[in-house]
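# Secondary and tertiary structure notes
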Amino acid sequence: MGWANPNLGDSVVRRTFKRLATLALIGTVSASAGYAQEAAPAPAAAPAEAAPGGVEEIIVTSRFREESIQDVPLAVQQFGQEAIESIAPNTLRDFDGLAPNVFIGMNTAGPGASAIYIRGLGYADIEKTQTPNVGVVIDGIFVPSSTGQLIDTFDIEAIEINRGPQAILWGRNTSGGTIVVRRGQPKLGEWDAKLLTSYGNYDGEGDGGAFKVQAVANIPLNEESLALRLGYTFKDEDGYSKNIVNGENRGAVDYNAINAKLLWQATEEFSVLFNWDWIEDRGDIPAQDARWDANPALGDKGNDPYINKSDRLPKELAPYNVSILSLEANWEAPFGAKFTSITAYWDSHDLVYQDFDAGFSNPADPTQNDPQAVFARLHTRREQEFDTFSQELRMVGSLLDESLNYVGGFYYARDDHDHQQRTEQQLQLPAAAFGGACVPGIPGFSGPISPTLGQLCVLPTTFSAQETFLTNKSWALFASLEYELPWVEGLRINGGVRWINEEKLFDTSFAGITNSTLVGSVFGPPLLSLSGQKGSWDDVVFEAGVNYQLNEDVLTYYRFAQGFRSGGFSLRGSDPVTWSLLFDPENTDQHEVGVKTTWLDGRLVANLAAFYTKLEGGQFSSIISGVTAVGTTTLILNGGTSEIYGVEAQAGLELIEGLTVDFTLGFQQVGDNKSVLNTHNLSAAAGNTQCNPGGLAPPGTLDSEAECSTLTFRDQEAGRVPELTWSIGSGYRVGVGAGELILGARYRHNDDFWIIAPSIPPGSSTPSNAAVEQKGYSLLDANISYEFQVQERTLRVGFVGKNLTDKQYKEQELPLGPGGFRTWGPPRYLGGELQIEL
């Protein structure tokens, strides 16, 4: 693999070219409008999961058929086109907190990488060897890893969030739920186009400017059978953090994307849709703030979250290329069934430069290093190619005068993962570990003085490279039935089953390298290698339920659903003692009861749900669990038994014509949570004695003489599970002059939660890992716009404000002793938008 010129995105020539391309596309869209007929009306929308009077009924496709959201016996929430425009999102990240017990965060170690949790189940790490608990599906295509899940949100007709296990129909380890995105589709016989441009500014220490242009055009190639839909997005953001080492902005965005869809309606019953997505991202990773955050010599006040002091060269970039090809064929059979085939190929390449110590080090004078324990420098260069081929065949239909609905199908996917990581590692450890004094060269020379650990000794720098190959093959057969019992009107029972099989082949090796830039390094002989490792897992998961339509306004239901997440290999493990240990599958059982109600002639919708989840063998990361001669060791481990339960409420009300209010509330809590772990898998932090028979760790960090044993952890907390979340939003449309004034506001709250949860061994009051808590916080967003007609063209001019109270909250934190990094959520944003529908 190779990546030419990672700084290409910053060149003047490149930016000039992109602006010219943007203007050219705008010109194309405008030219298309010259031939346009009257624009098709935009799809109707409503507040989340509400269907007030005068607003078109919300239709969802959670079960691969169109149904009213109030008739679906599971917890689902939809954001329609109008609601999405009101939120004015950049990515899927902006929907965090807008659905009960749904947490949508980001991960700093990859482009567009997510940390999505639903009902306490999610994935906040970055490895592609694990599949996230929450599946993101775009136009029927499953996003194969957490990298890229935080997709751009332009030209989207609807976003559906299905809470609870969706393993029967959606598969691919969706034990937490699914987020299903439906984008605009080609329309036969219609010309239309839309252009959106915005400019705003983020508060913070960086320049903060944010510019965006997005355009889409629907082009009928003939009147009856061919239509093309083209979309383009360009984003250019300066970044709202400042690097105080060199004065540059951090967290910049430089993003281009093209989407093309070609529809061929061969006959009234048969159609083929070809889709191509191309993404080129040349932005930074989200800016990192050193946890040890004060260095007066650099002008660091020590209390500003938007200060970055990384000394990484090249800077912390994350170039990302994605190409997605898919072919969807649909056939309406004469006997009433619909057959669907979706063939997709996902080809991605990402390169991440990261400074995990997040601080400043001075090789010429180590006493000027940031006084962080463990690492003076931990710089990585991670390059990955990740390709996925998938094929799904599906049949959906009904029998017995639509009293029996069925879904059946087959799914296959193959992932090929080529991972290369180069690491620069320099430890600085307490002098007490070396007899109380630092000896030049062996083991190191004097470094800074830590306020908590005293004099630190800086060890010689080491350079290493890891190369890993993983192939994952996944097969599944699935079926689902729903039957309305003839002897009780409105009573339906349903059930489903899915057989899943996954096979993985894993190879990895480590070697020493030379060259401090980690680029173009010379490889030494292999230090450790492991090849031909195989793992295979299969399972059968079930779903069953009953729902009763008391009357046309009240639906009650019970749902039992299982989830399965296959086992795998710990990609970042560098200790041969633990390499041979695979992590095992994760299994989920969830019970849910709910009621969906409609009142006041459809003006008020109120829904309630309660759930209980039992999780066996939950997979979690033990981050930097040890340090070996070839690098750090991070392991995927299995917990024991976890119980999560909660309640959810949603309501939407049309107060008067044009004025709507919606409300969501989620409560969740972890009950009995225990796990049994071998001590060689435990962190050496907080005084815990870690078994390390390999004896490869630096002196003083691990007890190489101890025998391996097991410890039982009980009453553990869970990460990213706030007990209480709620949101309230309002929208108002009123005629003013020749157009409409549109007002919107939304307030959302997250209670306290753990980013890294504490776990306490029996007989101890000290957590075995460095816990990280985020205190509760609330965010306020608002928008105002005016929509009017100019020569049959619709224009909307508006202003958007996000995080108006400028609340500071953490997205992620990685403790490395007192060191490591934090990543903060975006500060206040104020901007203007112009949208033209041609």
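Residues numbered from 1 in each chain as written. Predicted model: local features only at pLDDT ≥ 70, side-chain atom pairs only at ≥ 80, totals over all residues. Heavy atoms only, no water.

## Let's talk about the sheet that holds strand S8 (residues 141–142)
Paired through their backbone hydrogen bonds, the strands of a sheet run either parallel or antiparallel. Strand order in the open sheet made by the five strands is S3-S9-S10-S7-S8, with mixed pairing throughout. In this open sheet, the two strands that pair with only one neighbour each are strand S3 (76–80) and S8. Bridge count between strand S9 (residues 156–163) and strand S10 (residues 177–183): seven bridges; the pairing is antiparallel. Residue Ile161 lies in a different strand from S10, and its bridge partner there is Ile179. (Pairing = 2+ DSSP bridges. Helix = DSSP H or I, 4+ residues; strand = E, 2+ residues; numbered from the N terminus.)

## Here's the deal with the sheet that holds strand S15 (residues 249–250)
Taken together, the three strands give an open sheet; going across it, the order is S15-S14-S19, and neighbouring strands pair in mixed fashion. The open sheet has two edge strands, S15 and strand S19 (307–308), and neither has a second partner. Examined bridge by bridge, strand S14 (residues 241–243) and S15 share two bridges and lie antiparallel to one another. Pairing of Lys242 across the sheet is with Asn249, part of S15.

## Some details on the pairing of strand S24 (residues 445–450)
Side chains on a regular strand alternate between the two faces of the sheet. In this sheet, strand S25 (residues 454–458) lies alongside S24 in antiparallel orientation, the contact comprising four bridges. Note on S25: the bridge partner recorded for Ser450 is Gly454. With antiparallel pairing between neighbouring strands as the criterion, S24 and S25 make up a hairpin whose turn holds three residues.

## A short note on the packing of aromatic side chains
Ring pairs (aromatic) are described by centroid distance and by the angle formed between their planes. If you walk through the whole model with that rule in mind, you get 16 aromatic pairs. Taking 6.1 Å as the distance between ring centres and 85 degrees as the angle between the ring planes, the aromatic pair formed by Phe335 and Phe339 counts as edge-to-face. Assessed through its relative accessible area of 27%, Phe339 is described here as partly exposed. Taking the centre distance of 5.6 Å and the plane angle of 40 degrees together, the rings of Trp726 and Tyr747 count as tilted. Placement of Trp726 in strand S37 (residues 724–736) and of Tyr747 in strand S38 (residues 739–750) is noted, with a sequence separation of 21 residues between them. Note on Trp726: relative accessible area 26%, which makes it partly exposed. For Tyr747, a relative accessible area of 32% puts it in the partly exposed group. Members of the aromatic cluster, connected to one another through ring pairs, are Tyr202, Tyr240, Tyr306 and Tyr829. Directly above the ring of Tyr255 sits Lys235, whose terminal nitrogen or CZ lies 5.3 Å from the centroid. (Phe/Tyr/Trp six-rings, centres within 6.5 Å; stacked < 30°, edge-to-face > 60°. Buried < 20%, exposed > 50% of the residue type's maximum accessible area, 1.4 Å probe, protein only. Lys NZ or Arg CZ within 6 Å of the ring centre and 35° of its normal.)

## Some points on the nonpolar core
Soluble, globular proteins show a tendency: their nonpolar side chains are buried together. Residues Phe95, Ile159, Ile161 and Ile179 are the most contacted members of the largest nonpolar core, which totals 32 residues. In this structure Ile159 touches Gln77, Gln78, Phe79, Ile84, Leu92, Phe95, Ile179, Val180 and Val181, once residues within four positions along its chain are discounted. Counting residues in each nonpolar core, the second largest holds 18 residues, with Ile168, Ile500, Trp537 and Phe564 among its members. (Core = buried A, V, L, I, M, F, W, Y, C linked by side-chain atoms within 4.5 Å. Contact = heavy atoms within 4.5 Å.)

## Looking at the pattern of salt bridges
The full count for this structure, using the stated rule, is 46 salt bridges. Notably, a salt bridge pairs Lys235 with Asp152, separated by 2.6 Å at the nearest N-O pair. Of this pair, Lys235 sits in strand S13 (residues 226–237) while Asp152 sits in the loop between S8 and S9, and the two are 83 residues apart along the sequence. Comparing Lys235 with Asp152, the two get one shared label, buried. Across the salt bridge formed by Asp192 and Lys187, the nearest N and O atoms sit 2.7 Å from each other. Using a relative accessible area of 28% as the deciding quantity, one classes Lys187 as partly exposed. (Salt bridge = Lys/Arg side-chain N within 4 Å of Asp/Glu carboxyl O.)

## A short note on the confidence of the model for the protein
With 84% of its residues at a pLDDT of at least 70, the protein reaches an overall mean of 85. pLDDT under 50 marks residues 4–56. Its contacts with residues more than four places away, or in other chains, come to 85 contacts. Every residue in residues 683–690 scores below 50 in pLDDT, and together they form 22 contacts with partners more than four places removed in sequence or on other chains. (pLDDT = per-residue confidence, 0-100.)

## Considering the pairing of S3
For S3, the buried fraction is high: five of the five residues fall into the buried class. Residues Val76, Gln78 and Gly80 point to one face of S3 and Gln77 and Phe79 to the other, with burial holding for every one of them. Pairing of S3 with S9 involves five bridges; the strand directions are antiparallel. Bridging across to S9, Phe79 finds its partner in Ile159.

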